[in-house]
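# Examination of the molecular architecture
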Amino acid sequence: MSEDSNKRRPGSAPPVDSRDSSHVAGFVALLGAPNVGKSTLLNRLMGSKLAIVTPKPQTTRDRILGVLTSPGGQIVLLDTPGVHRPDRSLSSYMVKQALATISDADLVVLVVDAAASSRRRGVGEVERDIARRAEERGVALVVAINKVDLLADKAQLLPLMECWSHAKAVVPISALLGDGVDSLLGEIWPRLPEGPAYFDGDELTDRSLRWLAAETIREQVFLCTRKEVPYSTAVRVERYLERLHKGDVVIEAVIYVERDSQKGIVVGKGGARIKEIGVAARESLAELLEVPVHVKLRVVVMPNWSRSVAGMRRVGYEQ
Ligand SMILES: Nc1nc2c(ncn2[C@@H]2O[C@H](COP(=O)(O)OP(=O)(O)OP(=O)(O)O)[C@@H](O)[C@H]2O)c(=O)[nH]1
Ligand SMILES: [Mg+2]
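Residues numbered from 1 in each chain as written. Chains lettered and ligands numbered in written order. Predicted model: local features only at pLDDT ≥ 70, side-chain atom pairs only at ≥ 80, totals over all residues.

### Quick notes on the sheet that holds strand E7 (residues 234–243)
With respect to topology, three strands assemble into an open sheet ordered E7-E8-E9, the strand pairing being mixed. Since the sheet does not close on itself, it has two edges, and those belong to E7 and strand E9 (293–301), each with one partner. Going from strand to strand, the sheet's axes swing by 15° on average, the running direction of each strand aside. Across the sheet, helix H8 (residues 260–267) is in contact with strand E8 (248–257) and E9; its angle to E9 comes to roughly 155°. In the packing of helix H9 (residues 272–289) onto the sheet, contacts are made with E8 and E9, and the angle to E9 comes to roughly 135°. (Pairing = 2+ DSSP bridges. Helix = DSSP H or I, 4+ residues; strand = E, 2+ residues; numbered from the N terminus. Axes fitted to C-alpha atoms, helices over the stretch in contact; angles between N-to-C directions. Contact = placed C-beta atoms within 7 Å.)

As structure tokens, this is what we get:
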């Protein structure tokens, strides 16, 4: 599967064909169940980290746009929250964002977890639903069977691929290792409509650095806490200051939780956990911004914010 990985770097020009004098551009939505590797794939395709990634499901909460530009075309990638059965306002918001993306897309890349599909021996409810919605809207469907590195026996792939014989293409990939990702791009480029670029070539995303900073802090909260705590947290950056005279960035952020007990967990004994979160976020942000970063965090209880539209708005999620 890695046979083509040296021929063309992800993001390089669309394959030269009879249309090589024209320019293509289109929106490509990455959709699927939670935890299948959509954000890992976005980051891999972009060659830089735009979306946070954790081993926990329901990490992504907002649609994230990544712009992949080459001389012959532009792919506007849309990473989305994992589609699941909503149980509160936050999950309804997430699922709504994901499904609405289908209508904006020229192509849907349905990301499927190879190992989970193999265990399940077939197509899951979420995948079937996404495929149906794409078909209803006349949006072409390409299936990326991800995490193939986890399959002990590659013969397990064949029945998984056969499940998707009605898709335009089925491509086995490992977003983590990069295997098959160029083949996936090879299935995307020829299916994009002709047209001018939507974004300037030097634009990577529509998200602000302030937003990326909040997400990076949230990623560390997800990695450093367990059970319901990560799902009850939201992060809002209150101050994002580029100090030109010092050549650094100061970030002050609030971590919202829903209960006092959760505040205790996030702060940790003697402030140990909040310190750990701050240090890890600082290191990650310094790498992203390529300058020294100072992170100042505080934890605020906003009772049941994830269970109402008003609560969500208070912590920064606009419907
Ligand atoms: N082994 C392996 N793990 C992968 C691969 N792609 C992603 N992962 C892991 O799967 C987990 C989930 O990855 P994400 O990219 O956050 O998945 P997602 O679909 O964006 O998840 P949500 O945002 O929660 O819907 C992380 O631990 C990734 O490192 C892959 O190709 N192989
Ligand atoms: Mg994600």
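### Things to note about helix H1 (residues 38–46)
Among the nine residues in H1, nine count as buried, and that is most of the element. Listing the buried residues of H1 in full gives Lys38, Ser39, Thr40, Leu41, Leu42, Asn43, Arg44, Leu45 and Met46. Lining the buried residues of H1 we find strand E1 (24–32), strand E2 (64–70), strand E3 (73–79), strand E4 (107–113), strand E5 (140–146) and helix H6 (181–188). (Buried ≥ 20, exposed ≤ 12 C-beta atoms within 10 Å, placed from the backbone.)

### Quick notes on the site of ligand 1
In the neighbourhood of ligand 1, 24 residues make up the surrounding shell, with Gly37, Ser39, Thr60, Gly82 and Leu176 lying closest. For the shell around ligand 1, the element with the highest residue contribution is H1, accounting for three residues. By residue class, the composition of the shell around ligand 1 is nine nonpolar, 12 polar and three charged. (Near = placed C-beta within 6 Å. Nonpolar A, V, L, I, M, F, W, Y, C, P; charged D, E, K, R; others polar.)

### Here's the deal with the domain arrangement of the protein
It is common to report an interface's size as the accessible area lost on association of the parts. Along its sequence, the protein is carved into domain 1 (2–191) and domain 2 (209–315). Contacts between the two partners involve 10 residues from domain 1, matched on the other side by 14 residues from domain 2. Taken together, the residues of the side of domain 1 that touches domain 2 sort by class into three nonpolar, four polar and three charged. (Domains from an automatic or database assignment.)

### Digging into the confidence of the model for the protein
When pLDDT is averaged across the protein, the result is 93; 93% of the residues are at 70 or more. Here residues 1–12 is a poorly scored stretch, pLDDT under 50, and it has 23 contacts once near neighbours within four places are set aside; other chains count. (pLDDT = per-residue confidence, 0-100.)

### Things to note about the environment of Ala115
Along the chain, Ala115 falls in helix H3 (residues 114–120). With residues near it in sequence (within four places) discarded, Ala115 still touches Lys147, Leu150 and Leu151.

### Quick look at unusual backbone geometry
Phi angles above zero are rare outside glycine, and Asn35 is one such case at about 75°. Mapped onto the secondary structure, Asn35 falls in the loop between E1 and H1. Here the phi dihedral of Gln58 falls at roughly 60°; this positive angle occurs in a residue that is not glycine. Its place among the elements puts Gln58 in the loop between H1 and E2.

### So, the pairing of E2
Here E2 lies mainly inside the structure; five of its seven residues are buried. Direction of pairing for E2 relative to E3: antiparallel, over a ladder of seven bridges. Considered in E3, the bridge of Thr69 is made with Gln74.

### A few points about the sheet that holds strand E6 (residues 169–172)
What the six strands build is an open sheet, ordered E2-E3-E1-E4-E5-E6; its pairing is mixed. Edge positions in the open sheet fall to E2 and E6, since each of these has one partner strand only. Strand-to-strand twist across the sheet, computed as the mean angle between neighbouring axes with direction ignored, equals 25°. Of the pairings in the sheet, the one linking E5 to E6 comprises four bridges and is parallel in character. Bridge pairing in E6 places Val142 opposite Ala169.

### Looking at the environment of Arg210
By secondary structure assignment, the location of Arg210 is in helix H7 (residues 209–224). Separated by 41 residues in the primary sequence, Arg210 and Ile251 place their C-alpha atoms 8.4 Å from one another. Setting aside anything within four residues of it in sequence, one finds Arg210 in contact with Val237 and Tyr240.

### A few points about the packing of H7 against H9
The geometry of H7 relative to H9 is characterised by a closest axis approach of 9 Å and an angle of 135° between their N-to-C directions. Between H7 and H9, the interaxial angle falls into the category oblique. Helix-helix and strand crossings are classified by hand; for H7 and H9 the assignment is right-handed. Contacts between H7 and H9 involve Leu212, Ala213, Thr216, Ile217, Gln220, Val221 and Cys224 from the first element and Arg273, Glu276, Ile277, Ala280, Ala281, Ser284, Leu285 and Leu288 from the second. The residue inventory of the contact of H7 with H9, partitioned by class, reads 10 nonpolar, three polar and two charged. (Parallel < 35°, antiparallel > 145°, perpendicular 65-115°, else oblique. Left-handed = near helix turned anticlockwise from the far one by under 90°.)

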